Amino acid sequence: MPRPRMLAYLDRWSASPGQRVNVHASGPAGAARVEVVDLVSQTVLGQAMPVVVEPRRLLTGSHLEATGVPAPARGSVALWLRPHGAGARQVVAELDTGDRRLLITLDEAGRPETVIETGSGVLRAGAGSALPQGAWSLLVAAWTAEPSGTRLRLTVRGAMRDDAAAHRADLPLEPATATLRFGAGSGHRDPYAGRLALPLLTGDALTSGDCDTMTGLTGGPALAGHLGAGLLALWDPAADPGGPVVLDISGNARHARAINRPLAGLVGPGEDGTRTALQLSPEDLDDARWPRTCSVTVPADAGSTVLGVRVRAGGDSHGDSHGDSHGDCHVVPLVVPPAGPARPIAVVLPTFTYLAYANHRQSSEAEYFGDYSHVTDRRIELSDTDVHLNAHRDLGLSLYDQRREGGPVYHSCGRRPVLNHTPDYRWWMTGAPRHFAADLLLLRWLHAEGFAFDVLADEDVHTGGAALLARYRVVLTGSHPEYVSAPEREAVAAYVSGGGRLMYLGGNGFYWVTGVDSRHPNAIEVRRGHTGAWWDNEPGEDVLTSTGEPGGLWRERGLAPQELLGVGFTAQGWGPAPGFTRLPDGYRAEAAWVFAGISDPVIGRHGLALGGAAGDEIDRADPGLGTPPGTLLLATSAGGHSGHYQNAPEEARLGADAVRADMTLRLTGAGGAVFATGSVNWVASLACCDGDVRRVTRNVLSRFLIPKPFKGVT
C-alpha cells in the first residue's frame, strides 16, 4: 500500500502579524513537525512544533441534511428530480431514525425505487422504467402504518407516469425522530448526480391525486399553501440562494444544511423560471473539515510578506529553508498584509486566480485541448504532483475541471489541500513556475533589489477597497490576475483615477467576474455565461448567488480590461515566446525613461517560461474596447508568435492581427500612471538572466516611486 502523502491546508489564506491560523494536516501516521518559513527571504522563523498526524479522508459530494425531523407512522417524502447520469446506484433521499430507514434511490439503470428497511424486514416499491435524463420528474414516496400492516407507494409524475405499491403485514412503524438527507446516504454513500428541487416531508400519505395536483405547483409558497397543516417541512432553495442552509418555508424551522455547497440559483421545474433547484455532484467539496492539527501565530515582527507553513512527516527538521513540497512535506502559503504603517509599494497577489486554478489537472486540460500539438511544441511531462492530482479527484476540482457526470465547476475553496499552490510547483504545460510560484519570484526579486513593499491578497483588496490601496505610492499586480470581484475592480479603478500608479505585470487580467460570499469563507464563485466554451452555464443561470450580479466576462458588463489596464486578453499559446519590439511611442521623450540603459530594440528575448517574455496568455491594446486616448504603445510582440498561439474565443474573428502582447503606458491627468506588460510570462523572464526585463521593471518602479508629476501625455 502506498505511503500516504503529506497534505495540509490553513483555515485562511491571509493573516496579519499576531493573528493565529489553524493548520489541518493529513499524512503518514505518527510524528511530524510544523514550522513557519518566510518564503520571500527564505528563512525559518522560530522553532519547529512537534505534532502528530494521521491519514484523513476527503468526503466529497454535495447534499442536504436536516436533523431532528419527524418520521411519522404515516407520511410522505417528495421532491422534483432531474438526473444527470446513470451507471451507479444513487441515493436520492434517506430518512434515517437509527432503527429504520426510508430510501428513495435510482438503480444502475436510473430506475427509481423506494424502500423501507427495519429490523423486522424490508418493503420495496419500484418503477419499471428509468427516469428521463435532462427532464424533471416528481417522485413521491408515501407510507402508512395500519393494523393490517405497512403500505408503501412510489409515485412518479412528469414525462414518465408510474405508480408502484407494496404491502407487508409484519413491518410495524412507530413515530420517531430522524435525520433526512437528500442526495446521499449516511457517510456520503451512493451520492446522487443531478438537479433537485423543493424536497418536502408531510405527515400525510400523499395519494396519486395529490401528486397529479402537485405537478402544477412548482413554486415553494404555492406548494406550501396547497399542502397546508400536513406539511412538516418544505426546503426551498429559492428562499436564500447559495446559503449554507436551505430554508424550510413550512414555518417549522427545520432547515437543512447544504453540505459541500451544492450549486444554487438554478431554474427548477415549471415554466415560470423560478430558481428553486440545486445541482448536486459527487465531486463537490467546499471544506475538507479535517480536525485541527495545531495553530500557528504569525510572528508579530514578521512584517508584510508571504509565509509558508511547512508540515513535514517523520518529526525531523532537516532540509532546506525554501519551503519545498514533496510526498513527505507540504508547504501552505500564507499572505501577511501589514499590521502597521504601509510601505511605499503594494504587491497584490491574485489569490482569487489561485483559487480558480486550485488543483488544476492535466487530465482535464487534455480533454479540452485534445492533441496538444496545436497549442505547444513542448513535450508534456508530468511531475509526481501532477500524477497525484490526476489520480485524486477527491482533492476537489478546479474551475478548469469538468465533473465526471458532465458540467462545469462554479465554486472553488481554499479549505482543502491545494497541491499546485506551492513554492516549487512547475506547470506541466511550460515546465516553469506559474501562478503563485511565479509571483513568489517577483517578490524575491523585489526583496533582492531592496525595494520596500507590502504584500496583499485579493481578499484584502476586496475587503479594504480603495482606502487600502490609497496608502501606497505604487501598486503591482501578479502575473495572472484573471479573476477579480466587483469591489476589487472598483478599488483599483478608484486608485488609478485618484492618481495612483499601477504596474500590471501580467496577462489575461481582470477578465472574469468573480463572486465572494461571506457565508462561504475562502472561496469564490464564477459563472461564465455564454462564451462558446465547454464551461457555459444553462440559459438564465449566470447570476452569482454570492452577490446577485451577472457573471461572465467583465467585458460583457461594459468594463473591458483595456479601459482600466490599457490592454486586455487577446490570445493564448505555449509555443516559443518572443520578446517585445520597441515601437515609436517607446522613443518619445515622455516614455523613453522606461528603456533607459537598454540599446537592444527587442526586450525579453529570454525567460524561464517558453524562452521569452511575451507568451502564455497575452493582452493587446484596443481603443475600440476602451484603451484610453493618449495611451502610449511602447512595444509589441506582433508578428513574433507561431501558430501555437490562438485567439481568445471572443477575439476569433480578428485572426492573427490580434495575436500579440502590447506593452503600454498611460499617464493620467491626476498625476498617476498605468504601466502594462500584457503577458503572463513577464514575471518568469524577470526572474531569469534577462537583464532588459529587469531593467525595464526597475526603471518603471523607480520612477513611479518618485512623487513628482509626469510630464507629457495626459
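This report concerns the structure included in the present document. (Residues numbered from 1 in each chain as written. Predicted model: local features only at pLDDT ≥ 70, side-chain atom pairs only at ≥ 80, totals over all residues. Heavy atoms only, no water.)

### Looking at the side chain of Glu525
Then step 1. With respect to the helices and strands, the residue Glu525 is situated in strand β31 (residues 523-525).
Then step 2. Residue classification places Glu525 among the buried positions, given a relative accessible area of 0%.
Then step 3. Within the structure, Glu525 has its side chain in polar contact with the side chain of Arg527 (distance 2.8 Å).
Then step 4. Here the side chain of Glu525 touches Ser546 through a polar contact of 2.5 Å, side chain to side chain.
Then step 5. Apart from residues no more than four positions distant in its own chain, Glu525 is found in contact with Arg261, Tyr410, His411, Val513, Thr514, Gly515, Val543, Leu544, Thr545 and Ser546. (Helix = DSSP H or I, 4+ residues; strand = E, 2+ residues; numbered from the N terminus. Buried < 20%, exposed > 50% of the residue type's maximum accessible area, 1.4 Å probe, protein only. Polar contact = N/O pair within 3.5 Å; in protein donor to acceptor, adjacent residues only side chain to side chain. Contact = heavy atoms within 4.5 Å.)

### Observations concerning the sheet that holds strand β8 (residues 101-106)
Then step 1. Pairing is antiparallel across the open sheet formed by eight strands, whose spatial order is β10-β9-β8-β7-β14-β5-β18-β17. Two strands lie at the open edges of the sheet, namely β10 (121-126) and β17 (245-246), each paired on one side alone.
Then step 2. In terms of strand pairing, β8 meets strand β9 (residues 112-118) through six bridges, oriented antiparallel. Bridge pairing links Leu102 to Ile116 in β9. (Pairing = 2+ DSSP bridges.)

### Side note on the packing of aromatic side chains
Then step 1. All chains considered together, the criterion is met by 14 aromatic pairs.
Then step 2. When the ring of Tyr9 is compared with that of Trp290, the centres are 5.5 Å apart and the planes differ by 45°; the resulting orientation is tilted. Taken together, the residues span a long stretch of sequence, with Tyr9 in strand β1 (residues 7-10) and Trp290 in the loop between β20 (277-280) and β21 (294-297) at a distance of 281 residues.
Then step 3. The class for Tyr9 is buried, based on a relative accessible area of 2%.
Then step 4. Judged by relative accessible area, Trp290 falls into the buried class, the value being 5%.
Then step 5. Aromatic side chains Phe704 and Phe710 sit 5.7 Å apart centroid to centroid with 75° between the ring planes, which places their arrangement in the edge-to-face category. Here the two residues Phe704 and Phe710 agree in accessibility, since each one is buried.
Then step 6. Site record: aromatic cluster; members linked through ring pairs are Tyr372, Trp427, Trp428 and Trp574.
Then step 7. It is Arg528 that lies over the ring of Trp512; its NZ or CZ is 4.8 Å from the centre.
Then step 8. Its guanidinium or amino end placed over the ring of Tyr587, Arg582 lies 3.9 Å from that ring's centre, counting from NZ or CZ. (Phe/Tyr/Trp six-rings, centres within 6.5 Å; stacked < 30°, edge-to-face > 60°. Lys NZ or Arg CZ within 6 Å of the ring centre and 35° of its normal.)

### Examining the pairing of β10
Then step 1. The alternating pattern of β10 places Gly121, Leu123 and Ala125 on a buried face and Val122, Arg124 and Gly126 on a face that is not buried.
Then step 2. Here β9 pairs with β10 via six bridges, running antiparallel. The partner of Glu117 across the bridge, within β10, is Val122.
Then step 3. Between β9 and the antiparallel strand that follows it, β10, lie two residues.

Coordinates in, geometry out; function isn't part of it.
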